[in-house]
Amino acid sequence: MDAIADNYQLIAISFATTILLFLFASIGSLLLGTLLVAMRVGPVAVMRRTAAVYVTVVRNTPLLLILLFFSIAAPKIGVNFQFVRIVIPTGWGDIRMTNAFAGAVVGLTLYTACFVCEALRSGVNAVPLGQAEAARAIGLPFGGVMRHVVLPQAIRAGLPPLASTQIALLKNTTVALSVLVLEAAYALKQLLDANPGDRWWLLVAFAGIFVILVELLSFISSRFERRWRIA
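The present account deals with the structure reproduced in this document. (Residues numbered from 1 in each chain as written. Predicted model: local features only at pLDDT ≥ 70, side-chain atom pairs only at ≥ 80, totals over all residues. Heavy atoms only, no water.)

Concerning the packing of aromatic side chains
At step 1: Counted under the stated rule, the structure contains five aromatic pairs.
At step 2: Consider the rings of Phe24 and Phe101, whose centres lie 6.2 Å apart with planes at 90°: the pair is edge-to-face. Pair noted here: Phe24 is in helix α2 (residues 8-40) and Phe101 is in helix α5 (residues 99-126), with a separation of 77 residues, a long-range link.
At step 3: Judged by relative accessible area, which is 4%, Phe101 ranks as buried.
At step 4: Summarising the aromatic geometry, the rings of Phe69 and Phe70 are spaced 5.3 Å apart at their centres and angled 80° between planes, so their arrangement reads as edge-to-face.
At step 5: For Phe70, a relative accessible area of 13% puts it in the buried group.
At step 6: Taken together, Phe15, Phe206 and Phe210 form an aromatic cluster joined through their ring pairs. (Phe/Tyr/Trp six-rings, centres within 6.5 Å; stacked < 30°, edge-to-face > 60°. Helix = DSSP H or I, 4+ residues; strand = E, 2+ residues; numbered from the N terminus. Buried < 20%, exposed > 50% of the residue type's maximum accessible area, 1.4 Å probe, protein only.)

Section: the side chain of Ser221
At step 1: Mapping Ser221 onto the fold places it in helix α10 (residues 199-230).
At step 2: With sequence-adjacent residues up to four places away left out, Ser221 is seen in contact with Leu159 and Ala163. (Contact = heavy atoms within 4.5 Å.)

Comments concerning the packing of α2 against helix α3 (residues 45-59)
At step 1: Between α2 and α3, the least distance of the axes is 7 Å, while the angle of their chain directions is 130°. By the angle between their axes, α2 is oblique relative to α3. Considering how the two elements wind past one another, α2 and α3 form a crossing that is left-handed. Counted together, Leu32, Leu36, Met39 and Arg40 of α2 and Met47, Arg48, Ala51, Ala52, Tyr54 and Val55 of α3 form the full contact between these two elements.
At step 2: Of the residues in the contact of α2 with α3, the class split is eight nonpolar, no polar and two charged. (Axes fitted to C-alpha atoms, helices over the stretch in contact; angles between N-to-C directions. Parallel < 35°, antiparallel > 145°, perpendicular 65-115°, else oblique. Left-handed = near helix turned anticlockwise from the far one by under 90°. Nonpolar A, V, L, I, M, F, W, Y, C, P; charged D, E, K, R; others polar.)

Side note on the nonpolar core
At step 1: Among the nonpolar cores identified, the biggest contains 62 residues, and Phe15, Leu21, Phe101, Val150 and Phe206 are the most heavily contacted of them.
At step 2: Sorting elements by how many residues they give to this core places α5 first, with 13 residues.
At step 3: In this view, Phe101 contacts Thr17, Leu20, Leu21, Phe24 and Val181; residues no more than four positions away in its chain are not counted. (Core = buried A, V, L, I, M, F, W, Y, C linked by side-chain atoms within 4.5 Å.)

Quick look at the pattern of salt bridges
At step 1: Considering all chains together, one arrives at four salt bridges under this definition.
At step 2: Of the charged contacts, one joins Arg40 and Glu118 as a salt bridge, the two residues approaching to 2.7 Å between their closest N and O atoms. Here Glu118 lies in helix α5 and Arg40 lies in helix α2, a separation of 78 residues in the sequence.
At step 3: Accessibility expressed as a relative area gives 18% for Glu118, which makes it buried.
At step 4: The salt bridge involving Arg59 is made with Glu118; its shortest N-O contact spans 3.8 Å. Taken together, the positions of Arg59 in helix α3 and Glu118 in helix α5 put the pair 59 residues apart, joining distant regions of the chain. (Salt bridge = Lys/Arg side-chain N within 4 Å of Asp/Glu carboxyl O.)

This is how it looks when you write it as structure tokens:
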């Protein structure tokens, strides 16, 4: 129990880093996933095939391999994030967003976008075909059909799987410890190594905080789903 009280600042910083990692990757994956689903259902065959191949390959690649690629292999071919050096001072210490943090965000974004794409595609398939045809009949281009007719209904229909995707993303942030991002799992490993006698207290505390974050995310998604249904 003393390990938690003595290291509450490290725990707070690590969970703040986890939340930032989740927020950046969540926004990026939603944007990229929306672009991918537009390509997959679009009229251009090359873009449809490209998006399908991307989703199939990346979705079936282990997330750990993707993160290690951006940490080890990508810098050797000139892809690095050395320009990212952001320090956010807090009362408990500094939250540091470095090249490792940026690489983890990119890896999580590229990986999660595939699942966002498939969740939205299930929503697109739930939209009656006649609505898209009617929109095209009145002269709307493909972009207008997607933006004004298809995507709003697809998001509403695909909200439950989208919420599950974002919850999985929050859990997947723990994989970032493999590329030395100081998030919750990395801090837990450090504390377990330094305080083996308090390992059960540490495990229970970290698991409890993760459960609270997941439940909070589930609550927010259920509120969104209820509001969309009423609307």
